[in-house]
Amino acid sequence: MELFKDYPDVVSVEQLSEMLHIGQVLAYRLVRNGEIKSRKVGRKYIITKQNVIDFINKEAA
């Protein structure tokens, strides 16, 4: 079973909030605080799917 197989390898903050079932405000906070690694490209954040999985695994431990 592949986690988040329906999502692309690089996701937006909006997709991140869908993936984690959280609000966009919390998703932006996690990204801005560096709890979920991301890159800022222009005005948008991009997050690799692997970084989302790493965050989940870190929180589960």
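Conventions we followed
- Residues numbered from 1 in each chain as written.
- Predicted model: local features only at pLDDT ≥ 70, side-chain atom pairs only at ≥ 80, totals over all residues.
- Heavy atoms only, no water.
- Phe/Tyr/Trp six-rings, centres within 6.5 Å; stacked < 30°, edge-to-face > 60°.
- Buried < 20%, exposed > 50% of the residue type's maximum accessible area, 1.4 Å probe, protein only.
- Helix = DSSP H or I, 4+ residues; strand = E, 2+ residues; numbered from the N terminus.

A. Seen up close, the packing of aromatic side chains. Counted according to the given criterion, the structure contains two aromatic pairs. Pairing Phe-4 with Tyr-7 gives two aromatic rings, centres 6.1 Å apart and planes at 80 degrees, and the pair type is edge-to-face. The buried category is assigned to Phe-4, whose relative accessible area is 14%. Here the aromatic rings of Tyr-28 and Tyr-45 are separated by 6.3 Å at their centres, their planes lie at 70 degrees, and the arrangement is edge-to-face. With Tyr-28 in helix α2 (residues 24–32) and Tyr-45 in strand β3 (residues 44–48), the pair connects residues that are 17 residues apart, well separated along the chain. Classification of Tyr-28 by relative accessible area gives partly exposed; the value is 23%.

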